Every structure is written in C-alpha cells, then in structure tokens.
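Analysis of the macromolecular model
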Amino acid sequence: VQLQASGGGLVQPGGSLRLSCAASGSISSINDMAWYRQVPGKQRELVAVITSGGGVNYADAVWGRFTISREKVKNTSYLQMNNLKSEDTAVYYCNAEVVRLSGDLAEYWGQGTLVTVSS
C-alpha cells in the first residue's frame, strides 16, 4: 500500500491550496484518513481527520479555514486550505488506516508535500 500526496506549493497569505492524497495497493477498505503537518524542530501535529462515515475533526488553528473530504471509490482524501497564513507553512503529510486485502489493519503515511505561505 502506498499513499501519494500532492498539491503543495508557494502561496501568498490569504490564498488557497488543495492537497490530495491517493492510496493504492492491496486495499480492502480505509478507516480514518488524516492530514498532519510538521515544521522543523517541532512535533508533527494533526490538522484534520475524516472517518469512513464522513465525520470530521480539525485542529483549532485551522477550524473554519480548512476542509477535509474524501472520495471512497478513489481511496483519496483532500485538504482544501483557504485563507492561508504564514503559520500554516509546513510539510503536510497524509495518513490512512488501511484494512488490507489480507484482512489486517495497518497505518500508512504519504511522503509529505511542502506548503509555503509567503508574500
């Protein structure tokens, strides 16, 4: 199983970006899908999570600005980021809890995509 994250880049404050995370491989189903972010010298932090049933939760810092969604048929999650601020600058990682075709449960991470918010 692999997670492929994309969509990062350079954006001005107040701008928007959309991140995507596509899971592929021996997948039976996916439980939670999430996005984390990390800046140098700090711990990785949870940004947003979406359950298989569509329930969502967000970090306080992004509430009202970011929206997480998923397309089950594509095994893909998205993170729509609006009104970006300089403090949102980080490497963003996607995460998924995957039920493999073998029946066992495993957690996977994408490779990270850099988001830079700067004028």
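Scroll up to find the structure this text is about.
Let us look at the structure shown here. (Residues numbered from 1 in each chain as written. Predicted model: local features only at pLDDT ≥ 70, side-chain atom pairs only at ≥ 80, totals over all residues. Heavy atoms only, no water.)

Another point: the overall build of the protein. When its secondary structure is counted, the protein shows 0 helices and 11 strands. Relative to the 2.2 N^0.38 estimate, which gives 14 Å for 119 residues, the radius of gyration of the protein is 14 Å and therefore close to what a compact globule would have. Principal-axis analysis of the C-alpha atoms places the extent of the protein at approximately 50 × 25 × 20 Å. Out of the 119 residues in the protein, the part that is buried amounts to 40%. Considering only intrachain contacts with a sequence separation of at least 6, the fraction spanning at least 24 residues in the protein is 53%. Put simply, the protein shows about 6200 Å² of open surface, and 47% of that area lies on carbon and sulfur atoms. The average position of the 10 basic charges and that of the 9 acidic charges among the side chains of the protein differ by 5 Å. (Helix = DSSP H or I, 4+ residues; strand = E, 2+ residues; numbered from the N terminus. Rg over C-alpha atoms; globule rule 2.2 N^0.38 Å. Buried < 20%, exposed > 50% of the residue type's maximum accessible area, 1.4 Å probe, protein only. Contact = heavy atoms within 4.5 Å. Areas by Shrake-Rupley, 256 points an atom, 1.4 Å probe, with all protein chains shown as cover. Lys, Arg positive; Asp, Glu negative; His and termini not counted. Charge placed at Lys NZ, Arg CZ, Asp CG, Glu CD.)

A few words now on the nonpolar core. Across soluble globular proteins, nonpolar side chains have a tendency to be buried as a group. By size, the foremost hydrophobic cluster in this structure holds 30 residues, and its most contacted members are Trp-35, Val-47, Phe-66, Leu-79, Met-81 and Tyr-92. If one sorts the elements of this core by residue count, strand E9 (residues 90-100) sits on top with 5 residues. Once residues lying within four places of it in the same chain are set aside, the contact partners of Leu-79 are Leu-17, Arg-18, Leu-19, Trp-35, Val-47, Ala-48, Phe-66, Thr-67, Ile-68 and Tyr-92. (Core = buried A, V, L, I, M, F, W, Y, C linked by side-chain atoms within 4.5 Å.)

For the rest of this paragraph, the subject is the pairing of strand E3 (residues 17-24). The sheet contact formed by strand E1 (residues 2-6) and E3 spans 5 bridges and is antiparallel. Following the sheet pairing, Ala-5 is matched in E3 by Cys-21. As judged from the 6 bridges shared by E3 and strand E8 (residues 76-81), these two strands associate in the antiparallel manner. Residue Leu-19 lies in a different strand from E8, and its bridge partner there is Leu-79. (Pairing = 2+ DSSP bridges.)

In the structure shown here, the tally under the stated rule is 2 aromatic pairs. A cation sits over an aromatic face here: Arg-44 above Tyr-93, 3.7 Å from the ring centre. Stacked on the ring of Trp-109, the Lys or Arg Arg-44 has its end atom at 4.7 Å from the ring centre. (Phe/Tyr/Trp six-rings, centres within 6.5 Å; stacked < 30°, edge-to-face > 60°. Lys NZ or Arg CZ within 6 Å of the ring centre and 35° of its normal.)

Within the fold, Pro-40 resides in the loop between strand E4 (27-38) and strand E5 (45-50). C-alpha separation for the pair Pro-40 and Val-91, spaced 51 residues apart in sequence, amounts to 9.0 Å.

With that out of the way, let us pick up the sheet that holds E8. Taken together, 4 strands build an open sheet; the order of strands is E1-E3-E8-E7 and the sheet is antiparallel. The open sheet has two edge strands with one neighbour each: E1 and strand E7 (66-71). Looking at each pair of strands side by side, their axes are set apart by 15 degrees on average, direction ignored. (Axes fitted to C-alpha atoms, helices over the stretch in contact; angles between N-to-C directions.)

This part covers the state of the cysteines. The final tally for this structure, using the stated rule, is 1 disulfide. The residue that forms a disulfide with Cys-21 is Cys-94, at a sulfur-sulfur distance of 2.2 Å. Every disulfide takes its handedness from the sign of the S-S torsion; for Cys-21 and Cys-94 that torsion is 65 degrees, giving right-handed. Taken as a pair, Cys-21 in strand E3 and Cys-94 in strand E9 lie far apart in primary sequence, 73 residues in all. Neither Cys-21 nor Cys-94 differs from the other in exposure class; each is buried. (Disulfide = S-S within 2.5 Å.)

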